[in-house]
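# Breakdown of the fold
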Amino acid sequence: MRENQYQELIKKINYHMDLYYNQDQPQISDYEYDMLMQELKKAEKEHPEWVTKDSPSQKIGGVAKREAGVKVTHDVPMLSIEDVFDEEDLLAWVDKVQAMHPQAIFSVETKIDGLSATLRYSQREDGKLHLDLCETRGDGMVGENVTANALVIPDVKQVLDLPYPSLQVRGEVYMDHQAFEQFNEAQEAQGKKTAANPRNLAAGTLRQLDPSITRERGLRIFIFNVQQGPEELMVSHQKSMEVIEKSGLPVAFHRSCKNGQEVIDCIHQIAQMRSELDYDIDGAVVKIDQISYREDFPGSSKYTPGHIAYKYPPEERVVVMDQIQVDVGRTGKLTFTGIVSDRETGKPARLCGTNVSRVTLHNQDYIRQMKIGIGGSYKLFKSGEIIPKLNGCVEEPAEIFTAPDKCPVCGAPLVWEEDTADIKCISSTCPAQCARTIAYFASLNCMNIVGLGQTLVDSLIKEGYLHSYADIYGLKNHRQELIEKGIIGKEKNTDKILAAIEESKKNSPDKLLAGLGIRNVGVRTAKDIMKHFSGIQELMGAKEETLQGISDIGQVTARCIIEFFQEEENQKIMGELEAYGLNMQVEEEEVNSQVFLGKTLVVTGTLSQMSRKEAVELIEKNGGKASSSVSKKTSMVLAGEAAGSKLDKAIQLNVPVISEEEFLEMIR
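Calculation notes
Residues numbered from 1 in each chain as written. Predicted model: local features only at pLDDT ≥ 70, side-chain atom pairs only at ≥ 80, totals over all residues. Heavy atoms only, no water. Helix = DSSP H or I, 4+ residues; strand = E, 2+ residues; numbered from the N terminus. Rg over C-alpha atoms; globule rule 2.2 N^0.38 Å. Contact = heavy atoms within 4.5 Å. Areas by Shrake-Rupley, 256 points an atom, 1.4 Å probe, with all protein chains shown as cover. Lys, Arg positive; Asp, Glu negative; His and termini not counted. Charge placed at Lys NZ, Arg CZ, Asp CG, Glu CD. Pairing = 2+ DSSP bridges. pLDDT = per-residue confidence, 0-100. Buried < 20%, exposed > 50% of the residue type's maximum accessible area, 1.4 Å probe, protein only. Core = buried A, V, L, I, M, F, W, Y, C linked by side-chain atoms within 4.5 Å. Salt bridge = Lys/Arg side-chain N within 4 Å of Asp/Glu carboxyl O. Axes fitted to C-alpha atoms, helices over the stretch in contact; angles between N-to-C directions. Parallel < 35°, antiparallel > 145°, perpendicular 65-115°, else oblique. Left-handed = near helix turned anticlockwise from the far one by under 90°. Nonpolar A, V, L, I, M, F, W, Y, C, P; charged D, E, K, R; others polar. Phe/Tyr/Trp six-rings, centres within 6.5 Å; stacked < 30°, edge-to-face > 60°.

### Some details on the overall build of the protein chain
A tally of helices and strands in the protein chain yields 23 helices and 25 strands. For the protein chain, whose C-alpha radius of gyration is 29 Å, the value lies close to the compact-globule estimate of 26 Å for 668 residues. Dimensions of the protein chain, computed from the C-alpha atoms along their principal axes, are close to 85 × 70 × 60 Å. Taking the contacts inside the protein chain whose residues are at least 6 apart along the sequence as the reference set, 67% of them involve residues at least 24 apart. As presented, the protein chain carries roughly 32800 Å² of accessible surface, and 48% of it is formed by carbon and sulfur atoms. Taking the average place of the 77 positive charges on the side chains of the protein chain and the average place of its 101 negative ones, the gap between the two points comes to 1 Å.

### Section: the sheet that holds strand β8 (residues 166-174)
Taken in spatial order, the 5 strands line up as β7-β5-β4-β8-β9 in an open sheet, and their pairing is antiparallel. Among the strands making up the open sheet, the edge pair consists of β7 (159-160) and β9 (220-228).

### Overview of the confidence of the model for the protein chain
Averaged over every residue, the pLDDT of the protein chain is 87; residues scoring 70 or more account for 93%. In this model, residues 63-68 is a region of pLDDT below 50 whose contacts with residues beyond four sequence positions or in other chains number 39 contacts.

### Focus on the environment of Lys157
Mapped onto the elements, Lys157 comes out in the loop between α4 (147-150) and β7. Counting along the chain gives 149 residues from Lys157 to Gly306, while the straight-line C-alpha distance between them is 28 Å. Each residue touching Lys157, except ones within four places of it in the same chain, is listed here: Tyr121, Leu131, Gly248 and Leu249.

### Some details on helix α6 (residues 198-206)
When you tally the buried positions in α6, you get 8 out of 9 residues, the bulk of the element. Taken together, the buried positions of α6 are Pro198, Arg199, Asn200, Leu201, Ala202, Ala203, Thr205 and Leu206.

### Some thoughts on the nonpolar core
By size, the foremost hydrophobic cluster in this structure holds 55 residues, and its most contacted members are Ile472, Leu513, Leu516, Ile529, Leu547 and Leu577. Contributions of two or more residues to this core are made by α11 (431-441), α12 (454-462), α14 (491-504), α15 (509-515), α16 (523-530), α17 (536-540), α19 (555-566) and α20 (568-579). Counting residues per element, this core draws most heavily on α19, which supplies 6 residues. Ile529 has contacts with Leu513, Val521, Leu539, Ile550, Ile553 and Ile561, leaving out every residue within four places of it along the chain. Counting 35 residues, the second largest nonpolar core, distinct from the first, contains Leu119, Val156, Val173 and Leu219.

### Observations regarding the pattern of salt bridges
If you walk through the whole model with that rule in mind, you get 27 salt bridges. In this structure, the salt-bridge partner of Asp282 is Lys111, at a minimum N-O distance of 3.5 Å. Separated by 171 residues along the polypeptide, Asp282 in strand β11 (residues 281-288) and Lys111 in strand β3 (residues 106-112) bring together distant segments of the chain. You can call Asp282 buried: its relative accessible area is 5%. Judged by its relative accessible area of 21%, Lys111 falls in the partly exposed class. In this structure, the salt-bridge partner of Glu344 is Arg317, at a minimum N-O distance of 3.3 Å. Here Glu344 is found in the loop between β14 (334-342) and β15 (349-351), whereas its partner Arg317 is found in strand β13 (residues 316-328), with 27 residues between them in sequence. Connected through salt bridges with shared partners, the residues Asp75, Arg120 and Glu135 form a single ionic network.

### Looking at unusual backbone geometry
Unlike most non-glycine residues, Lys371 shows phi in positive territory, near 55°. Even without a glycine there, the phi angle at Asn654 is positive, about 60°. Of the residues examined, Asn654 reaches a relative accessible area of 69% and is grouped as exposed.

### Let's talk about the side chain of Glu44
Here Glu44 lies in helix α2 (residues 30-46). The side chain of Glu44 is buried and forms no salt bridge, while Lys41, the nearest opposite charge, is found at 8.2 Å. Beyond its immediate sequence surroundings of up to four residues, Glu44 is in contact with Tyr6, Val51, Ser55, Ser57 and Gln58.

### A look at the sheet that holds strand β23 (residues 625-627)
Strand order in the open sheet made by the 4 strands is β23-β22-β24-β25, with parallel pairing throughout. If you trace the sheet from one side to the other, it starts and ends with β23 and β25 (657-658), each paired once. By the bridge criterion, 4 bridges tie strand β22 (residues 600-604) to strand β24 (residues 636-639) in an arrangement that is parallel. Within the sheet, the bridge partner assigned to Thr604 lies in β24 and is Ala639.

### Remarks on the pairing of strand β4 (residues 115-123)
Of all 9 residues making up β4, 7 are buried, and the element is well covered by its neighbours. As paired elements, β4 and β8 share 8 bridges and run antiparallel to each other. Residue pairing for β8: Leu115 is matched across the bridge by Val173. Connecting the antiparallel pair β4 and strand β5 (residues 129-136) is a turn made up of 5 residues, with Gly127 showing a positive phi of about 80°.

### Quick look at the packing of helix α3 (residues 87-100) against helix α9 (residues 260-273)
Where α3 meets α9, the axes come as close as 9 Å, and the angle between the chain directions of the two elements is 140°. By the angle between their axes, α3 is oblique relative to α9. Seen along the crossing, α3 lies across α9 with a hand that is right-handed. Seen from α3, the contacting residues are Glu87, Leu90, Leu91 and Val94; seen from α9, they are Gly260, Gln261, Val263, Ile264, Ile267 and His268.

### Focus on the environment of Thr304
With respect to the secondary-structure elements, Thr304 resides in the loop between β11 and β12 (307-311). Not counting residues within four places of it along the chain, the set of residues in contact with Thr304 comprises Leu79 and Ser80.

### Some points on the pairing of β5
With 7 of its 8 residues buried, β5 lies for the most part within the structure. In this structure, β4 lies alongside β5, joined through 7 bridges in antiparallel fashion. Counterpart to Tyr121 in the pairing with β5 is Leu131. Bridge analysis of β5 against β7 gives 2 bridges, and the strand direction is antiparallel. When the bridges of β7 are listed, Leu129 appears paired with Leu160.

### Some words on the packing of α19 against α20
Close contact between α19 and α20 brings their axes to 5 Å; oriented N to C, the two are set at 75°. Taken as axis vectors, α19 and α20 run roughly perpendicular relative to one another. Facing α19, whose interface residues are Phe564, Phe565 and Gln566, α20 presents Glu568, Asn570, Gln571 and Met574. In terms of residue class, the contact of α19 with α20 is made up of 3 nonpolar, 3 polar and 1 charged.

### Describing α16
When we look at burial in α16, the residues that qualify are Ala526, Asp528, Ile529 and Met530. The inward-facing, buried residues of α16 abut α15, α17 and α19.

### Observations regarding the packing of aromatic side chains
With the rule as written, the count across this model stands at 12 aromatic pairs. Arranged with centres 5.1 Å apart and planes meeting at 5°, the rings of Tyr174 and Phe222 form a pair that is stacked. Linking Tyr174 in strand β8 with Phe222 in strand β9, this pair joins segments that are 48 residues apart in sequence. The buried category is assigned to Tyr174, whose relative accessible area is 2%. A centroid spacing of 5.6 Å and a plane angle of 5° characterise the contact between Phe596 and Phe663, whose relative ring orientation is stacked. Taken together, the residues span a long stretch of sequence, with Phe596 in the loop between α20 and β22 and Phe663 in helix α23 (residues 660-667) at a distance of 67 residues. Residue Phe596 shares its accessibility class with Phe663, and that shared class is buried. These aromatic residues form a ring-pair network of at least three members: Phe441, Tyr469, Tyr473 and Tyr580.

Structure follows, in C-alpha cells:
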C-alpha cells in the first residue's frame, strides 16, 4: 500500500467511525468496518513510521456529546476490546496467555450490541450502595453524564445491598427486539421516521434530554465488568459477576473455560444462541478470569488489557425468490421488491434476530446482473445488519425477470430515463403517483395540512374525491357527504381537517413550490428559488438560463422545472390552485441587515431566547444562509446549551463558534 492510499483509508475509516459512534447512523456493516480496520493495521504493521496518535487504530471512535448532559472524566478509562476474526488467531492468544500463566482460565461472554456505560455507586448512611452517576464511554477518557436517564431504566438498581465503600460497574445499554419493533410500529402509525436498528435507537435514547422518553422506549442493561471496587471483587472476574448478579443487576451471559478448545466450543454455543436471543450481539468476548494476570497482556492505549473479542461473520441464509412486486413511486419511478423465503424452512429468513421476507431489487440492471427471477436461490444477508441485501446467486431461475413495458397501475407506456437505470411512468394522472404526490403536497415540510396523511389520501382517492392536489381545496364542497360516509371521521374531525386545508392557503409560495413534487426541487431549493421571483406565475414563465443563474441550480434542475410547468395538465392544476385562492405572490421581506451576506451558519443546541427556526429566519433576513451540517464551508456555528456533535465538528475544523448573545449583538 502506498502512503497516499493509507491516508485515504484513514479518511474513510474516520468517516464511518463518526457515523457509528457519534451519529448513530452507520452506513456499512460492523463486519465491513472491521475489515477496513484490519487493512489499516496491516499497513501500519508494514510501515510503523506512518502511524500517528490520531490514527483510527490508536483511538476510540466516539466523542462525548452534550445532548444528554455535561461531560464527565472517567475514573477508570472505558477502552475498546481488540478484535480477531478467525479461530486460529483466538487460539493463538489463549495459548500465549497460558504459556505465561498455565493456571489461567477464561470467561467467554456475549458481546451485546449496544452503548457502553459505567454505573458509579457509593455507600451512604444506611450502609448500602446508592447510584451516584451513569456515564457513557465517549472517547474512552471523557463521556457524558446520563444519570437522569439511567434512573428510569428498570434494570439499573438505584440501591445495592453490598457492604462496600464504593463500586463502579460497566455494562452495555441495549434495546430488545420487542421494544424496538414497538417503537417502529408507533413511528409508522404517526408517519414518522423509523429507527434503523436497536443499537442506534438505544444510543439515541440514552442521550435523550427528556428522561420520560427514555422510560417509554424500554432500555435494558447487562453488566459485564467491575471497573473499580473492593479487593475481593478484583481477583476473579467470574466471582465478581456472581456477586453483582446476586445484588440484583443483570449480567451478561458468561461461561468459564479452562483451555482453547473449551473457549472455541463456547463461542460456537453462543453463535447457535444468537438467533434465539431477544437482543442483538455481534460477537463473543474472551477475558482472562484472573484479573491480576491481565496487565501482562496489554492491548494498547486503545484496548482493554487481558481481553479479546471474536467477531462473527455476517449472518447469511439461502432464500428462494417467490415473487417480485413492481410498484410506482411518487415520481413515477418503478420500484422492485423481492418476496423471499428460507430455502430450508420455507418461512421468512431469520437474520440478526429479525424475520426477513422482503428485499429491495433496485432496478432492471441490478436484476439482470444478479440473475434474479422467480424460483431462483440467492444468498441473503443484512448490510450494516440493517438492510436485507442479496449476496450472489446460488441457483439460477428458469427465466430472469423482465420489467413490464406498461405501468402496472395505470397501463400507460413506461420510459427508460436517459443516463440512468430507472424506468418511469410519465402519466401525470397515474393513481399510484397521485396518492403519493398528494400526501407529499400535504406533508409537514410542504403545505403542512395537519391530519391529511397517506391513509386518508388513499381513502379520498378511492372514493373519487381526489385526482390531484388541487382537488384538496374542493373538499369543503363535499363536507356533508364526507361526514355521512365517515371517510375523514365525524363532524368535528372533518371540520378540523377542512379548516387546516383553508389555513394552508396562506402558506408562502416556496411551500407551494416544494409541494408540487418537481424533481430535484426540495424544501430548501424551493425557498432559494422563490427569493428570485415575485411569485409562482413569474417562475412558470422563467427561462432556463434565468434558473441556472440561481446558486446551486444546474441544468438538470432547471429543465425539470421548465418541463413541469410546460405540461398542459400541470398548467391546468396551477390555474385551479390560483382560483382556489392559494397564495402565489412572494411578500417582500424586510431585510434587517447584510451582516451575514455570503456567510453560511449552522444552528445547534438549545437556545434560550428563541427557537432554532426563529434563529434560521433571522440568519436569512440578515443576508445569510442556514445549513443543517458543519463543513469546511461553514462560516460560523451558533451554539446553544447541550450542543452536540455539530459543535465538536466545528471545533475540529476550526470553524468560529458564537453564542446566542453574540449572535443577537451582531444583528442589532
